Amino acid sequence: MKRNLFLMSFGIGAMMLAANHANAQSRQCAAHDAVVERLAARYGESRQSIGLGSDNSVVEVYASAETGSWTIVVTRPGGPTCLVAAGQSFQQLNEALPNLDQGT
């Protein structure tokens, strides 16, 4: 269940990016290096996962194992990196896939 919530956060981030593409200037966006440095310095967060969105946007999750804070950022091709979601209580999970073989 927690894995589903984690994966849903990627989908939510991608939807937020698509819905707010026209409003990109009003969101918190900056150069990728500057965003990464700030997340590390201010929140102690490091990259925990990375994925590629259907529109070739790079979606990254940064988190701190010590404080539990997390941030999802999206970088559009050739564009700035934008913060799309943040929160607390991050947990690293390594769950096995469910057994879908119901047998006959």
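Since this is a predicted model, take the numbers as computed values, not measurements.

### Structural notes on the pattern of salt bridges
Pairing of side chains with opposite charge becomes possible as their charged atoms draw close.
Argument step 1. Applying the stated criterion across every chain yields a total of two salt bridges.
Argument step 2. The closest approach of N and O atoms between glutamate 60 and arginine 47, which form a salt bridge, is 2.7 Å. Of this pair, glutamate 60 sits in strand β3 (residues 58–63) while arginine 47 sits in strand β2 (residues 46–52); the two residues are 13 residues apart in sequence, bridging distant segments of the chain.
Argument step 3. Note on glutamate 60: relative accessible area 2%, which makes it buried.

### Section: the state of the cysteines
By definition, a disulfide links the sulfur atoms of two cysteine residues through a covalent bond.
Argument step 1. Per the counting criterion, the structure on display carries one disulfide.
Argument step 2. The residue that forms a disulfide with cysteine 29 is cysteine 82, at a sulfur-sulfur distance of 2.0 Å. Judged by the sign of its S-S torsion, about 105°, the cystine formed by cysteine 29 and cysteine 82 is right-handed. One end of the pair, cysteine 29, is in strand β1 (residues 29–30); the other, cysteine 82, is in strand β5 (residues 81–87), and 53 residues separate them in sequence.
Argument step 3. A relative accessible area of 27% places cysteine 29 in the partly exposed class.
Argument step 4. Relative accessible area serves as the criterion here: at 4%, cysteine 82 is assigned to the buried category.

### Remarks on the layout of surface pockets
Argument step 1. When its volume is computed, the second largest pocket comes out at roughly 190 Å³.
Argument step 2. Lining of the second largest pocket is provided by Gln28, Cys29, Ala30, Ala34, Val35, Arg38, Leu39, Arg42, Tyr43, Thr81 and Leu83.
Argument step 3. Residue assignment for the lining of the second largest pocket shows that the elements contributing at least two residues are β1, α2 (32–43) and β5.
Argument step 4. By residue number, the principal contributor to the lining of the second largest pocket is α2, which donates six residues.
Argument step 5. The class makeup of the residues in the lining of the second largest pocket is seven nonpolar, two polar and two charged.

### Some points on α2
Argument step 1. Helix length check: α2 (twelve residues) gives 16 Å between terminal C-alpha atoms against 16 Å at 1.5 Å per residue, within 8%.
Argument step 2. Of the residues flanking the end of α2, it is glycine 44, one or two places downstream, whose phi is positive at about 70°.

### As for the confidence of the model for the protein
Argument step 1. Taken over all residues, the pLDDT of the protein has a mean of 83, while the share at 70 or more is 72%.
Argument step 2. Across residues 17–25, confidence stays below pLDDT 50; counting only partners more than four residues off in sequence or on other chains, it has eight contacts.

How each quantity is defined
- Residues numbered from 1 in each chain as written.
- Predicted model: local features only at pLDDT ≥ 70, side-chain atom pairs only at ≥ 80, totals over all residues.
- Heavy atoms only, no water.
- Salt bridge = Lys/Arg side-chain N within 4 Å of Asp/Glu carboxyl O.
- Helix = DSSP H or I, 4+ residues; strand = E, 2+ residues; numbered from the N terminus.
- Buried < 20%, exposed > 50% of the residue type's maximum accessible area, 1.4 Å probe, protein only.
- Disulfide = S-S within 2.5 Å.
- 1 Å grid on protein atoms, 1.4 Å probe; cavity = no way out; pocket = protein on both sides within 12 Å on 5 of 7 lines; lining within 4 Å.
- Points joined across faces, edges and corners; volume = space filled by probe spheres on them.
- Nonpolar A, V, L, I, M, F, W, Y, C, P; charged D, E, K, R; others polar.
- Expected span 1.5 Å × (residues − 1).
- pLDDT = per-residue confidence, 0-100.
- Contact = heavy atoms within 4.5 Å.

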